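# Secondary and tertiary structure notes
Here is what each chain is made of, one letter per residue.
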Protein chains: 2
Amino acid sequence: MIVIKQKTKRNLNISGNRGMELESSINDSNSFYNEKKISYIYKKPTPIKVVTLNGKVITKAFFEGDSTLDYCGIYCKKFIEFEAKSTKSKTSFPLKNIAEHQLNHLLLINKLGGISFLIIEFAALNEYYLLSCSILENFILNSRHKSIKIDFFIKNAIKIKQGYHPRLYYLEALDSLL
Amino acid sequence: MIVIKQKTKRNLNISGNRGMELESSINDSNSFYNEKKISYIYKKPTPIKVVTLNGKVITKAFFEGDSTLDYCGIYCKKFIEFEAKSTKSKTSFPLKNIAEHQLNHLLLINKLGGISFLIIEFAALNEYYLLSCSILENFILNSRHKSIKIDFFIKNAIKIKQGYHPRLYYLEALDSLL
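Overview of the structure. Worth saying up front: this structure is predicted, and the values here are computed from it rather than measured. (Residues numbered from 1 in each chain as written. Chains lettered and ligands numbered in written order. Predicted model: local features only at pLDDT ≥ 70, side-chain atom pairs only at ≥ 80, totals over all residues. Heavy atoms only, no water.)

## Notes on the packing of aromatic side chains
Any aromatic ring pair is given by two values, namely how distant the centres are and how the planes are angled relative to each other. Condition: Only centres within 6.5 Å qualify two rings of Phe, Tyr or Trp (six-membered ring in Trp) as a pair; their planes then separate them into stacked at under 30 degrees, edge-to-face at over 60, and tilted for everything else. Numbering of helices and strands runs from the N terminus; a helix is a DSSP stretch of H or I covering at least four residues, while a strand is a stretch of E covering at least two. Any residue under 20% of the maximum accessible area for its type is buried, any over 50% is exposed, and the rest in between are partly exposed; the area is computed with a 1.4 Å probe on protein chains only.
Counted under the stated rule, the structure contains 23 aromatic pairs over all chains. Look at A:Phe122 and A:Phe153: their rings are 5.2 Å apart centre to centre, the planes differ by 80°, and that puts the pair in the edge-to-face class. Here A:Phe122, found in strand E8 (residues 115-122), pairs with A:Phe153, found in helix H5 (residues 150-156); they are 31 residues apart in sequence, far enough to count as distant. Here the two residues A:Phe122 and A:Phe153 agree in accessibility, since each one is buried. With 5.4 Å between their ring centres and 35° between their planes, B:Tyr40 and B:Tyr42 make a pair best called tilted. Among the aromatic residues, those joined into a ring-pair cluster are A:Phe32, A:Tyr33, A:Tyr71, A:Phe82, A:Phe117 and A:Tyr170.

This is the structure in structure tokens:
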């Protein structure tokens, strides 16, 4: 039996390439923006099927279904959905970090008129980029590369400014897409 | 210890005034609309904090935080969020069925430019209504009544047509708000 203090094992699996720090930075940023009531963006809870309860304690339950993207909400009257990923590479972001169902979901939200994107952390460079779904789709359609080089991010993604609170000014970065 | 087959005890508490049938009808309608890719609307998972895992089985966990509204998604490029409630009364819908934090959340989404509303089932009449957040807010501001009479729904809400699949044509009802 494993005791988990901070997050579930499944979350650790799902976000193995995201990193706790990135998640914490995004949660901090969401708190900042949501408190100011300029957005309402939240981390989607993992779907869990509860089987048995003892008082208020869940004593048997299972993870269920595929999770889609991690974050969802409303900003500038728009439906927002995005995934956050971290890489230790200094030169490129491996596309295998995005599961096929996540890519399909990004494309679906984009098609429905929502704003879907990735937030990519280059941990070793301490740089963060917001990559729009359309540019990601274009890259995948027109390239056979299995990773996206940092130069591509510099040219085609939006660099996210960092601060204390919010840790990541990602909605300001998003503004240039709206 | 209680064994729960269909849903969690907390869900039963939260939706004690919603009714399983209404939830099932809405889930069926969402499947119908989402499969046609005219929307992506889903029931929000209940936030659960996992403490211990034994293989793939969660052996200790707790419900955490206040749930907000039950359903969320995108339709017609708009951010949608709504709550579904059922009443057995033939004459009125008691406002106590809406928790204060739910009402505040409806108002917040409306203010941010999203579309927030209630779906109310009058189970004994087999009638369903979509009540917009703005009309609900207006009612609460201008009335001291603790319930909304069926006549108010007939005049001010949108009656939802019923079918086999989707069970509730609630997005067609919503069209008149957009």
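## Looking at the relation of the copies chain A and chain B
Rules: Superposing the copies works by least squares over the C-alpha atoms of residues that have pLDDT at least 70 in both of them. Contacts between residues were defined by any pair of non-hydrogen atoms, one from each residue, lying within 4.5 Å.
Once chain A is rotated about the relating axis by 180° and shifted along it by 0.0 Å, it coincides with chain B to within an RMSD of 0.1 Å. Such a combination of turn and shift is consistent with a two-fold rotation axis. By residue overlap, the copies meet face to face through one surface: 100% of the interface positions of chain A are interface positions in chain B.

## Regarding the pairing of strand E2 (residues 39-43) of chain A
All names here are of chain A. To keep it simple, the criterion reads: Strands were regarded as paired on the criterion that DSSP finds at least two bridges between them.
The buried fraction of E2 is high, at four of five residues. Alignment of E2 against strand E5 (residues 71-75), held across five bridges, turns out to be antiparallel. Paired with Ile41 across the strands is Gly73, a residue of E5.

## Looking at the side chain of A:Glu81
Here is the rule we go by: Between N or O atoms, a polar contact is any pair within 3.5 Å; within protein, one atom must be a potential hydrogen donor and the other a potential acceptor, and residues adjacent in sequence are included only when both atoms are from side chains.
Tracing the backbone through its elements, the reader meets A:Glu81 in strand E6 (residues 78-87). With a relative accessible area of 0%, A:Glu81 lands in the buried category. In this structure the side chain of A:Glu81 is engaged in a polar contact, spanning 2.8 Å, whose partner is the side chain of A:His105. Ignoring sequence-local partners within four residues, the contact set of A:Glu81 consists of A:Lys44, A:Thr68, A:Leu69, A:Tyr71, A:Cys72, A:His105, A:Ile109, A:Ile115, A:Ser116, A:Phe117 and B:Tyr40.

## Some details on helix H2 (residues 20-35) of chain A
Residue and element names in this part refer to chain A. Threshold: How far a helix is expected to stretch is found by multiplying one less than its residue total by 1.5 Å.
If you check H2, its first and last C-alpha atoms are 22 Å apart, about what 16 residues at 1.5 Å a residue would give, namely 22 Å. Among the residues making up H2, those that are buried are Leu22, Glu23, Ser25, Ile26, Ser29, Asn30, Phe32 and Tyr33. Lining the buried residues of H2 we find E2, E5, E6, E8, strand E9 (127-132) and helix H6 (170-175). Following H2 by one or two positions, Lys37 has its phi on the positive side, about 55°.

## A look at the sheet that holds strand E2 (residues 39-43) of chain B
All names here are of chain B. Defined as follows: Axis lines are fitted through C-alpha atoms, for helices just across the contact stretch, and the angle between N-to-C directions can take any value from 0 to 180 degrees.
Strand order in this open sheet of six strands is E2-E5-E6-E8-E9-E11, and the pairing throughout is mixed. The sheet terminates laterally at E2 and strand E11 (158-159), the two strands that pair on one side only. As paired elements, strand E8 (residues 115-122) and strand E9 (residues 127-132) share six bridges and run antiparallel to each other. Each residue of the ladder has a partner; that of Ile119, found in E9, is Leu130. Against the sheet, helix H4 (residues 133-142) contacts E8 and E9, and its axis sits at roughly 80° relative to E9.

## Some thoughts on unusual backbone geometry
Negative phi is the rule for most residues except glycine; trans is the rule for most peptide bonds. The step from A:His165 to A:Pro166 runs through a cis peptide bond, and the omega angle for that step is 15°. Secondary-structure assignment places A:Pro166 in the loop between strand E11 (158-159) and H6. You will see that B:Lys77, though not glycine, has its phi angle at about 65°, which is positive. Residue position: B:Lys77 is located in the loop between strand E5 (71-75) and strand E6 (78-87). Since its relative accessible area comes to 57%, B:Lys77 is described here as exposed.

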